[in-house]
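Notes for the structure review
One letter stands for each residue in the lines below.
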Amino acid sequence: MSNISSKIVSDFSSIPVIKYPNSSDEHAKFIGSLQNALISTGFFYLSDAPVSSEIISALGSYIPKLFKLPQEEKDKFAMVNSPHFLGYTKLGSEWTKQKVDWREQIDIATPMASRWNGTEEERWMNVWGPSQYPDEAVLPGFRNAIDTYQAEVSKLGDQLVKYIAEALGLGPNGLDKFYEVKEKMQHRGKIVSYPVPDSDEGERGQGVGPHYDAGFLTILLQASPHPGLQVQNLSGEWIDATPIPGTFVINFGRALEFATQGIVRATSHRVLSPPATDEWRKVGPRYSVPFFHNIDMCVRMGDREKWGLEFSEEILRLRDSRGKLANTDSVNYSEFLTEPSGKVQLVGRVKSHPDVAERHYPEVFKQFFPNGLPK
Ligand SMILES: O=C(O)CCC(=O)C(=O)O
Ligand SMILES: [Fe+2]
């Protein structure tokens, strides 16, 4: 009985908005609110972040044009041609929990050359590598707009990691160990379009199915006014994360949850297709730009002793009073404990993009899809 009531008290029905700190007074308040978001919701809106609105609107103005490129131009930088799982994915070829996601997207990562040494054993390192872009002549300036945006958001992520460490009582450099080898880190992002379906057959379709993000933190720009993003609370209810202009949505991934002994919540989330109405059809597709701020690809989350993160009694008490998660049906990352983070990423990519995996990682593909490509 007491169990149940404590669960209800610590559960959430809305997602907090937290202002990025610009003074020492604001800093203390920010750290307190961040601590609550880390432990209780796993999601928050960040306002006043130090990413210029010019950079955001420069990128925003390209998004409709990007998806309106002729199909043959988009196919020229298709993800199936990239062992790094970077590039264009057409509608209907991405999967979450064996169900097709209804979105079209371009995966782009921060600049990096492949570090794979050519051996079979280290093939997973080939998940890292250069992005593919549309031809500069068909979309002049786009490459610069997305690269500039990602560089800025990447810096914001670096700063947030310091604040997160502080909010967990580890001091600002308390999580630096996960970023030891800068050359072995690549942050990944994408630009996504969720079309308004022709009809919704009674219930809204799967834009992207329930899942956890894998890394430390995700910085999401909701680049259009559509509803659709939903976040699962402790009781398993889906809470709307409606776009708030001038904010980013920040959420935490499985790696940070493991690293912090479950203090930080990786929260399950999904996106519903836009409502199939004429009103939304006039507005057009829903657009979003997630950015996954990663850790070093060679880090093994299972090496907990090595990380030696010590948390105060108070922080552990806050975790325990939050209560445990209801079982969710989100994608799990059970490989986390034993494999390097880069390999965990590969497994995630293989499950989501089986066509790319079949071509570039045939052995891993067979392991997860013994009966061939899903239909
Ligand atoms: O499009 C969104 O708002 C969120 C997408 C998402 O959760 C993801 O791609 O991991
Ligand atoms: Fe996500």
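Just so we're clear, the structure is a prediction, and the values are computed from it rather than from any experiment. (Residues numbered from 1 in each chain as written. Chains lettered and ligands numbered in written order. Predicted model: local features only at pLDDT ≥ 70, side-chain atom pairs only at ≥ 80, totals over all residues.)

Scanning the chain from terminus to terminus reveals 12 helices and 14 strands. Here the chain has a C-alpha radius of gyration of 20 Å; the compact-globule value for 375 residues is 21 Å, and the two agree. Seen along its three principal axes, the alpha-carbon backbone of the chain occupies a region of about 60 × 55 × 45 Å. Here the chain holds 375 residues, and 43% of them are scored as buried. (Helix = DSSP H or I, 4+ residues; strand = E, 2+ residues; numbered from the N terminus. Rg over C-alpha atoms; globule rule 2.2 N^0.38 Å. Buried ≥ 20, exposed ≤ 12 C-beta atoms within 10 Å, placed from the backbone.)

Around ligand 1, the neighbouring residues are Val192, Val208, Asp213, Leu220, Gln222, Leu229, His269, Val271, Ser288 and Pro290. For the shell around ligand 1, the residue count by class is six nonpolar, three polar and one charged. (Near = placed C-beta within 6 Å. Nonpolar A, V, L, I, M, F, W, Y, C, P; charged D, E, K, R; others polar.)

Before going further, it helps to spend a moment on the UniProt feature "domain: Fe2OG dioxygenase" (unreviewed entry) in the chain. According to UniProt, the "domain: Fe2OG dioxygenase" (unreviewed entry) feature falls on residues 183-295. Overall, residues 183-295 shows 11% helix and 39% strand. The separation of its end C-alpha atoms is 11 Å. (UniProt positions renumbered as here; feature names shortened; annotations may be inferred.)

Considering the arrangement of structural elements, one finds arginine 103 in the loop between strand S5 (99-101) and strand S6 (104-109). Excluding residues within four positions of it along the chain, arginine 103 makes contact with Glu94, Val192, Ser193, Tyr194, Gly207 and Val208. (Contact = placed C-beta atoms within 7 Å.)

This paragraph deals with the pairing of strand S12 (residues 247-252). Most of S12 is tucked away: six of the six residues are buried. Relative to S12, strand S2 (residues 43-47) is paired through five bridges, and the arrangement is antiparallel. Counted as the bridge partner of phenylalanine 44 is isoleucine 250 from S12. In this structure, strand S9 (residues 217-222) lies alongside S12, joined through four bridges in antiparallel fashion. For threonine 218, the partnering residue across the bridge sits in S12 and is asparagine 251. (Pairing = 2+ DSSP bridges.)

Attention shifts here to the packing of helix H2 (residues 24-41) against helix H5 (residues 142-167). The N-to-C vectors of H2 and H5 enclose an angle of 85 degrees; their axes lie 9 Å apart at closest approach. In this view, H2 runs roughly perpendicular relative to H5, as classed from their interaxial angle. Residue-level inspection shows Ile31, Leu34, Gln35 and Leu38 of H2 in contact with H5, the latter providing Tyr163, Ile164, Glu166 and Ala167. Taken together, the residues of the contact of H2 with H5 break down into six nonpolar, one polar and one charged. (Axes fitted to C-alpha atoms, helices over the stretch in contact; angles between N-to-C directions. Parallel < 35°, antiparallel > 145°, perpendicular 65-115°, else oblique.)

As a further point, take the nonpolar core. With 85 residues, the main nonpolar core has Leu38, Phe44, Ile164, Ile219, Ile250 and Leu256 as its most contacted residues. With 10 residues, H5 is the largest single contributor of residues to this core. Excluding residues that lie within four positions of it along the chain, isoleucine 250 makes contacts with Phe44, Leu46, Leu160, Leu217, Thr218 and Ile219. (Core = buried A, V, L, I, M, F, W, Y, C linked by C-beta atoms within 7 Å.)

A separate point is helix H9 (residues 313-322). Since there are 3.6 residues in each turn of an α-helix, residues three or four apart along the chain are aligned in direction. Within H9, the full set of buried residues consists of Ile315, Arg319 and Arg322. Considered in projection along H9, the buried side chains sweep an arc of 65 degrees and stay on one side of the axis. Facing away from the buried side of H9 by over 90 degrees, the exposed positions are Glu313, Glu314, Arg317 and Asp320. One or two residues past the end of H9 sits glycine 323, with phi positive at roughly 95 degrees. (Arc of directions from axis to C-beta.)

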